[in-house]
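The lines below spell out each chain.
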Amino acid sequence: MSFLSATLSRVKPSPSIAISTLAGELKAQGRDIIGLSAGEPDFDTPQNIKDAAVAAIAAGKTKYTAPDGIPELKEAICAKMKRDHGLTYMPNQVSVGTGGKQTLYNALMATLNPGDEVIIPAPYWVSYPDMVLLAGGTPVAVEATLENSFKLTPEQLEAAITPNTKWFIFNSPSNPSGAGYSRAELKALTDVLMRHPHVWVMTDDMYEHLVFDGFEFCTPAEVEPGLYERTLTCNGVSKAYAMTGWRIGYAAGPEHLIAAMRKVQSQSTSNPCSISQWAAVEALNGPQDFIAENNVAFKRRRDLVVSALNAIDGITCPTPEGAFYVYPSIAGLIGKTSPKGTVIADDEAFATALLAEQDVAVVFGAAFGLSPNFRVSYATSDEALVEACRRIKSFCDSLS
Ligand SMILES: Cc1ncc(COP(=O)(O)O)c(C=O)c1O
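In this report, the structure presented in the accompanying data block is examined. (Residues numbered from 1 in each chain as written. Predicted model: local features only at pLDDT ≥ 70, side-chain atom pairs only at ≥ 80, totals over all residues. Heavy atoms only, no water.)

**With respect to the pairing of strand β2 (residues 94-97)**
Burial along β2 is two-sided: V94 and V96 and S95 and G97, pointing in opposite directions, are all buried. Pairing between β2 and strand β8 (residues 249-252): four bridges, direction antiparallel. Within the sheet, the bridge partner assigned to V94 lies in β8 and is A252. (Buried < 20%, exposed > 50% of the residue type's maximum accessible area, 1.4 Å probe, protein only. Helix = DSSP H or I, 4+ residues; strand = E, 2+ residues; numbered from the N terminus. Pairing = 2+ DSSP bridges.)

Here it is as structure tokens:
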């Protein structure tokens, strides 16, 4: 009899965390590694948010809280949903978790039964399929191709829906492609969902604020109010507020679903960190102007990376609407051989050889369910990006 659970054997560890860990280890050994694999802003958490956390400690707000969030944070989330999307939620329709990851996980744990299918457009954030598997459901990946700017078409969504479909996971702007759906593109998808009342929508709006060139972010329940009763709108402070380590995410949706998620959380982590919750109150209620300032840097870096990668023979890199990732295709390099004799059979071989031979860490496309591609996180300095692109070019040019 196996000591480890059968469920766990269906799940793989996060490849992006594994590559970032390996890159960190090589760096510690003295190698000049440029890491483009981590999904976190290089900016520091704004001072007013840090100050709110310090004040919370000083005021003794250091005890257990309600399992799914302090009332002040729930109120701030309700105000944010109204302000940004015109959506009305009451505090009992809001759940706060230990990072966006936990709220998504709670929702899947609270709702999935064996046989339930979850539609996930690929390329997807690495954790969606594995969280579905952990919760006992069946992930159904549908490839959104480079030709369609990594966006799912309404026809593809329609074709993927079966009587067993429980959730459709939607993520715009996307990790890993950065693709953002326009209002019209999203409406075409929600029109499909309106024809299938048994399908619920889990929208992951984590990169909502990180958009460029005047792109208008919108979320399913605001585009199609008819979906309000079966939409869970998930978000968090990790990316826009540079608060990845604070671990606060949240979701808003129907009260019965939020209550079920609370039950999962109360029997696992109890409550998100009290101090981080007070910091998140300040993040959501405080000044928002630094987001636009950070976006100026992110856009400059996106443009730098897209043009440098497109200048490389064998690489095609679309310009995404948001997030801080690009997802270039290496279709033109497959089958070539590196100077050290590695055959670039697939994107994993490419990423492994790039790290070994040029000290650049990227995440291979197979991890995100769409190949042959790799993900670059450009949340690092312009200098590091210029040098990384130089090394990637030198590596690609050296392939024969
Ligand atoms: C699309 C997406 N959703 C959720 C998360 C999780 O965010 P958190 O760090 O708040 O758990 C991430 C983090 O990489 C992400 O990229």
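**A short note on the site of the ligand**
Taken together, 13 residues sit near the ligand, with G100, D204, Y207, S238 and K239 positioned nearest. Here an oxygen atom of the ligand and a side-chain polar atom of N175 are 2.8 Å apart. When the ligand is considered free in solution it has 390 Å² of accessible area, and contact with the protein chains removes 92% of it. Residue composition of the shell around the ligand, grouped by class: four nonpolar, five polar and four charged. (Near = heavy atom within 4 Å. Polar contact = N/O pair within 3.5 Å; in protein donor to acceptor, adjacent residues only side chain to side chain. Areas by Shrake-Rupley, 256 points an atom, 1.4 Å probe, with all protein chains shown as cover. Nonpolar A, V, L, I, M, F, W, Y, C, P; charged D, E, K, R; others polar.)

**With respect to the sheet that holds β8**
Within the open sheet, the seven strands sit side by side as β2-β8-β7-β6-β5-β3-β4. Their pairing is mixed. Taken across any chain shown, the strands that pair with only one partner, and hence form the sheet edges, are β2 and β4 (138-143). Between one strand and the next, the sheet's axes are offset by a mean angle of 20°, whatever the strand orientation. Relative to β8, strand β7 (residues 231-236) runs antiparallel, the two sharing four bridges. Bridge pairing in β8 places N235 opposite Y250. On the sheet, helix α4 (residues 71-85) packs against β2, β7 and β8 and is oriented at approximately 120° with respect to β2. Most of the contacts of helix α10 (residues 255-266) go to β2, to which it runs at about 25°, and overall it touches β2, β5 (165-171), β6 (200-204), β7 and β8. (Axes fitted to C-alpha atoms, helices over the stretch in contact; angles between N-to-C directions. Contact = heavy atoms within 4.5 Å.)

**Observations regarding the pairing of β5**
Where burial is concerned, most of β5 is hidden: six out of the seven residues are buried. Here strand β3 (residues 117-122) pairs with β5 via three bridges, running parallel. Note that in β5 the partner of E117 across the bridge is T165. Pairing of β5 with β6 involves five bridges; the strand directions are parallel. If you follow N171 over to β6, its bridge partner there is D204. Of the crossover connections in this fold, the one passing from β5 over helix α8 (residues 183-194) to the parallel β6 is right-handed. (Right-handed = clockwise from strand over helix to strand, strands pointing away.)

**A look at the sheet that holds strand β9 (residues 325-326)**
A sheet is described by the order of its strands in space; here three strands give the open sequence β9-β12-β11, paired in antiparallel fashion. The open sheet terminates on both sides in strands that have one partner only, identified here as β9 and β11 (363-364). Pairing of β11 with strand β12 (residues 374-377), which is carried by two bridges, proceeds in the antiparallel orientation. Within the sheet, the bridge partner assigned to V363 lies in β12 and is R375.

**Notes on helix α12 (residues 289-310)**
For an α-helix, the turn length of 3.6 residues means that residues three or four places apart are oriented alike. The terminal C-alpha atoms of α12, which comprises 22 residues, lie 32 Å apart, in line with the 32 Å expected from a rise of 1.5 Å per residue. Regarding α12, the residues found buried are F290, I291, N294, N295, A297, F298, R301, R302, L304, V305, V306 and L309. Buried positions along α12 lie against β9, β12 and α14 (382-398). (Expected span 1.5 Å × (residues − 1).)

**So, the pattern of salt bridges**
Scanning the entire structure with this criterion turns up 27 salt bridges. A salt bridge links D68 to R262, with the nearest nitrogen and oxygen atoms 3.0 Å apart. Of the two residues, D68 sits in the loop between α3 (47-58) and α4 while R262 sits in helix α10, which places them 194 residues apart along the sequence. Given a relative accessible area of 3%, D68 falls into the buried group. Judged by relative accessible area, R262 falls into the partly exposed class, the value being 28%. Two residues, K393 and D397, come together in a salt bridge whose shortest N-O distance is 2.9 Å. Highlighted residues: K393 and D397, both in helix α14, separated by four residues, approximately one helical turn. Since its relative accessible area comes to 35%, K393 is described here as partly exposed. Since its relative accessible area comes to 45%, D397 is described here as partly exposed. Several salt bridges share partner residues, and in doing so they unite D32, E387, R390 and R391 into one network. (Salt bridge = Lys/Arg side-chain N within 4 Å of Asp/Glu carboxyl O.)

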